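Below are the chains, spelled out letter by letter.
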Amino acid sequence: MNTTPDDFDPIPSTRVRARVSVASLKQAEDEADALAVPVAADGDPPDELGTDRAGLASAGFKGDRGQTLVQPRSDGPVRVAVGIGAPGEFDVALVRDLAAEFARAVPWHKRLAIEVPARDVGVSVADFAQAVTEGVLLARWRYFVGRDGDKPALESLLVVASEDQVAEVEAGVERGRIIAQACSLGRDLANCPATTLSAVRIAEVAAEVGPAAGLQVEIFDKDQLIAMGCGGILGVNRGSVEPPRMIRLRYEPADPTGRIALIGKGVMYDSGGISLKPSDESHAQMKNDMTGAAAVLASMTALRDLGCTTAVTGYMMCTDNMPSGSAMKLGDVLKMRNGTTVEVLNTDAEGRLVMADGLAMAAEEPVDAIVDIATLTGACLRTFGVEIAGVMGNNSAVVEQLKRAGDVADEPVWELPLHKSYRSQLDSSIADLTNMGGVNAGSITAALFLEEFVDGRPWAHVDIAGTAQLPAPRTWRNKGATGFGTKLLIEFARTFAPTGNETARA
C-alpha cells in the first residue's frame, strides 16, 4: 500500500466552497467584482450596462450567442455583456455555457454576479438559475496541488433576481449547487494521481463522504472478493501491490418509485498489464481509468438532496492493472462471480473483466434496470471523439431514458447497435468466452461481453472512453479528466421510470 510522505488529499479543499446566494442588483453592485448582464440580439440592452445598442455595436458586440464584452468601470463591479442571441435560440445548455464563458472572461475576479433576465427568454427562471450556478462553479473548478493550490478560484456567486423571482431562483440555485458539488467530486477523483488514489483510498473516500449524503457504504477487501468468487477483479489485480476493493453504495428513499443498479469501472491506473501500453501521453492519462467509479460515487452523493425517489445501488469495482511477475497472463482463464469462465487474450481489455463481477452482483438483487459506465474502448473514442459517449443496451426504454438524461445534463450519449451476430467473435475453444473480439467494432463486442453477466435484466452500457479527458477547456468543461457521467447519472436516477415488460433490443 502506498505510504509515501508527500501524499495529499484526493479531494482538495478548493472543491466547491464558494458561497452561492440570491441577491438584489444593489447588493451585487456593492459586493461583486464582476457582473454578467445577459443581452439579447434585439431590443434595448439592460440599463445597468450604461450604454445603448449603438454603443455596444461600436465595440463589435451584437448580442449573438456566446459573445462577451468586458466593460471596465472606475466604480462598482466590471460589467460583462453576455450575448444570448434571439429568444428562439435559447436553451438551458446555452445558459450553462454562457455562464461558464463569463467566468472565464474575468479569470482574476473571485466575486461574481449574474443577472436573471427580466424578460422571457424561453427558459424558466428556476432552470436559468440552476444552469448559471452549474456553469460558473464548474468553469471555476480546478484541481491543483502546487503552491497556492489551497486558494479558492471563486469566493462567491450572486444570482441577481427581482423580488418576484426570488423563490424560483433560490430553488434553481440550490439544485445547481448540489449538482456542481457532485461533479467537482467526480473531477477531483478522476484527476488525482494514481499513486495517491489507490483502490484502498477511494474506498476510504466513499466511507467519508457517503454517510453524510445519506448513503450506506459497504467495502469488500481481497479476502472477501475471493470468498465471493469475483475472479475478474482478482485476476486484473494480480500484478499490483495495491489490493483491490469493491465498494457497494446504497441509497434508499422512502417508498421508492423504482430500483436501479449502477456499476462503475474503477481501474485506478491502467498500464495495460502484460499487454503494456505505449509510453505516450495516453499512458499518462490512465489515472482516469476509474472515471466510471468516480461518477457512480459522485452522482449518488447528490440523490438525497435532490429528492430522488429511485432506490439506487452502486458498485465501484476498483483495482490497478499492472505488469509484474505475478500479473495476469495472456491465455489465463478466469472464473467470474456468475460462474462464467473467460479466456484472457489481451490483459489491456481488463475493464470488462472487473465490470463483469459487478454486473453479476447487481443481477442477483431485485432491480428494474442496470446501467454500467466505463472508460472501456478506444474504439468509442475514435467513433465519437471527446464530446459524446456511446450507449448500448438490451432494453429500448432504458437506453432512451439515458439519451434524454444526457440531453438534459449536456453529457450526450449516442446509441450503437448491440449487433448479436458479432457475439461469435467472443467464442473461446477452452472457456465460455474470450475477453476480446475481432479488430473491428470493438465497442460493440465489449458491450456484448458485458451483456453476458446481466442475467437478462434491463441493462445499458455507457462507454465514456472518449469523454473522460479533454485536451483544452470548453465552456464549463475543464482541461484534463472531466468527470463525465456524474450529471448524466444524476439525471437518469432522478427521472427514472421502471420499464415494465419493454421489449429487449434485437
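Residues numbered from 1 in each chain as written. Predicted model: local features only at pLDDT ≥ 70, side-chain atom pairs only at ≥ 80, totals over all residues. Heavy atoms only, no water.

Quick look at the packing of helix 5 (residues 166–191) against helix 10 (residues 291–300)
Here's step 1: Orientation of helix 5 relative to helix 10, taken along the N-to-C sense of each, is 155 degrees, at an axis distance of 8 Å. Between helix 5 and helix 10, the interaxial angle falls into the category roughly antiparallel. Note that helix 5 runs across helix 10; the crossing there is right-handed. Residue-level contacts link Ala182, Leu185, Gly186, Leu189 and Ala190 of helix 5 to Thr291, Ala294, Leu297 and Ala298 of helix 10.
Here's step 2: Here the contact of helix 5 with helix 10 is built from residues that sort into seven nonpolar, two polar and no charged. (Axes fitted to C-alpha atoms, helices over the stretch in contact; angles between N-to-C directions. Helix = DSSP H or I, 4+ residues; strand = E, 2+ residues; numbered from the N terminus. Parallel < 35°, antiparallel > 145°, perpendicular 65-115°, else oblique. Left-handed = near helix turned anticlockwise from the far one by under 90°. Contact = heavy atoms within 4.5 Å. Nonpolar A, V, L, I, M, F, W, Y, C, P; charged D, E, K, R; others polar.)

So, the nonpolar core
Here's step 1: Counting 54 residues, the largest nonpolar core has Leu297, Met316, Leu402 and Val462 as its most contacted members.
Here's step 2: Val95, Val136, Val173 and Ala182 belong to the second largest nonpolar core, which has 47 residues in total. (Core = buried A, V, L, I, M, F, W, Y, C linked by side-chain atoms within 4.5 Å. Buried < 20%, exposed > 50% of the residue type's maximum accessible area, 1.4 Å probe, protein only.)

Quick notes on helix 15 (residues 486–495)
Here's step 1: Summarising burial for helix 15: eight of the 10 residues are buried, a large majority.
Here's step 2: Turning to helix 15, its buried residues are Thr486, Lys487, Leu488, Leu489, Ile490, Glu491, Phe492 and Ala493.

Re the packing of helix 13 (residues 396–409) against helix 15
Here's step 1: Where helix 13 contacts helix 15, the axes come no closer than 8 Å and their chain directions differ by 125 degrees. Between helix 13 and helix 15, the interaxial angle falls into the category oblique. Here the hand of the crossing between helix 13 and helix 15 comes out right-handed. Where helix 13 approaches helix 15, its residues Val398, Gln401, Leu402, Ala405, Gly406, Val408 and Ala409 are matched on the opposing element by Lys487, Leu488, Glu491, Phe492 and Thr495.
Here's step 2: Split into classes, the residues belonging to the contact of helix 13 with helix 15 amount to seven nonpolar, three polar and two charged.

Structural notes on the pairing of strand 17 (residues 459–463)
Here's step 1: With five of its five residues buried, strand 17 lies for the most part within the structure.
Here's step 2: Of the two faces of strand 17, both are covered, the one formed by Trp459, His461 and Asp463 as well as the one formed by Ala460 and Val462.
Here's step 3: For strand 14 (residues 389–393) and strand 17, the ladder comprises four bridges, and the chain directions are antiparallel. Residue glycine 390 lies in a different strand from strand 17, and its bridge partner there is aspartate 463. (Pairing = 2+ DSSP bridges.)

Comments concerning the side chain of glutamate 350
Here's step 1: By the secondary structure assignment, glutamate 350 is in the loop between strand 12 (341–343) and helix 11 (351–363).
Here's step 2: Apart from the residues lying within four places of it in its own chain, the contact partners of glutamate 350 are Val236, Lys265, Val267, Asp270, Asp289 and Asn321.

Describing the environment of lysine 420
Here's step 1: You can see lysine 420 is positioned in the loop between strand 15 (413–415) and strand 16 (433–434).
Here's step 2: A relative accessible area of 35% means that lysine 420 is categorised as partly exposed.
Here's step 3: Along the sequence, lysine 420 and valine 267 sit 153 residues apart, while their C-alpha atoms lie 28 Å from each other.
Here's step 4: A polar contact is formed between the side chain of lysine 420 and the side chain of glutamate 451, at a distance of 2.7 Å. (Polar contact = N/O pair within 3.5 Å; in protein donor to acceptor, adjacent residues only side chain to side chain.)

What about the pattern of salt bridges?
Oppositely charged side chains can form a pair if their charged atoms are brought close together.
Here's step 1: In this structure the tally under the stated criterion is 28 salt bridges.
Here's step 2: Across the pair glutamate 365 and arginine 250 runs a salt bridge whose closest N-O atoms are separated by 2.8 Å. With a gap of 115 residues between them, glutamate 365 in the loop between helix 11 and strand 13 (369–374) and arginine 250 in strand 8 (residues 245–251) connect regions that are remote in the sequence.
Here's step 3: The structure contains a network of salt bridges with shared partners spanning Glu218, Arg248, Arg250 and Glu365. (Salt bridge = Lys/Arg side-chain N within 4 Å of Asp/Glu carboxyl O.)

Section: the side chain of asparagine 288
Here's step 1: You can see asparagine 288 is positioned in the loop between helix 9 (281–284) and helix 10.
Here's step 2: In terms of polar contacts, asparagine 288 uses its side chain to reach the side chain of glutamine 469, at 2.6 Å.
Here's step 3: If we skip the residues at most four places from it in the chain, asparagine 288 touches Ala190, Thr375, Ala468, Gln469 and Ala481.

Digging into the layout of surface pockets
The method is simple in principle: a probe with the dimensions of a water molecule rolls over the atoms, and the space it marks as empty is what remains.
Here's step 1: Empty space within the largest pocket amounts to approximately 830 Å³.
Here's step 2: Around the largest pocket, the lining comprises 34 residues; the ones closest to its centre are Lys277, Leu376, Thr377, Gly378 and Ala379.
Here's step 3: Going through the elements one at a time, strand 9 (258–270), helix 9, helix 11, helix 12 (378–384) and helix 14 (442–451) are the ones with two or more residues in the lining of the largest pocket.
Here's step 4: Here the lining of the largest pocket is built from residues that sort into 11 nonpolar, 15 polar and eight charged.
Here's step 5: Forming the walls of the second largest pocket are 15 residues, and the residues nearest its centre are Trp141, Arg142, Tyr143, Asn478 and Lys479.
Here's step 6: When grouped by side-chain class, the residues that make up the lining of the second largest pocket number eight nonpolar, two polar and five charged. (1 Å grid on protein atoms, 1.4 Å probe; cavity = no way out; pocket = protein on both sides within 12 Å on 5 of 7 lines; lining within 4 Å. Points joined across faces, edges and corners; volume = space filled by probe spheres on them.)

Considerations on unusual backbone geometry
The phi angle of most residues is negative, glycine excepted, and most peptide bonds adopt the trans form.
Here's step 1: You will see that aspartate 455, though not glycine, has its phi angle at about 55 degrees, which is positive.
Here's step 2: Tracing the sequence through the fold places aspartate 455 in the loop between helix 14 and strand 17.
Here's step 3: Even without being a glycine, threonine 475 presents a positive backbone phi close to 50 degrees.
Here's step 4: Along the chain, the position of threonine 475 falls in the loop between strand 18 (469–470) and strand 19 (480–481).

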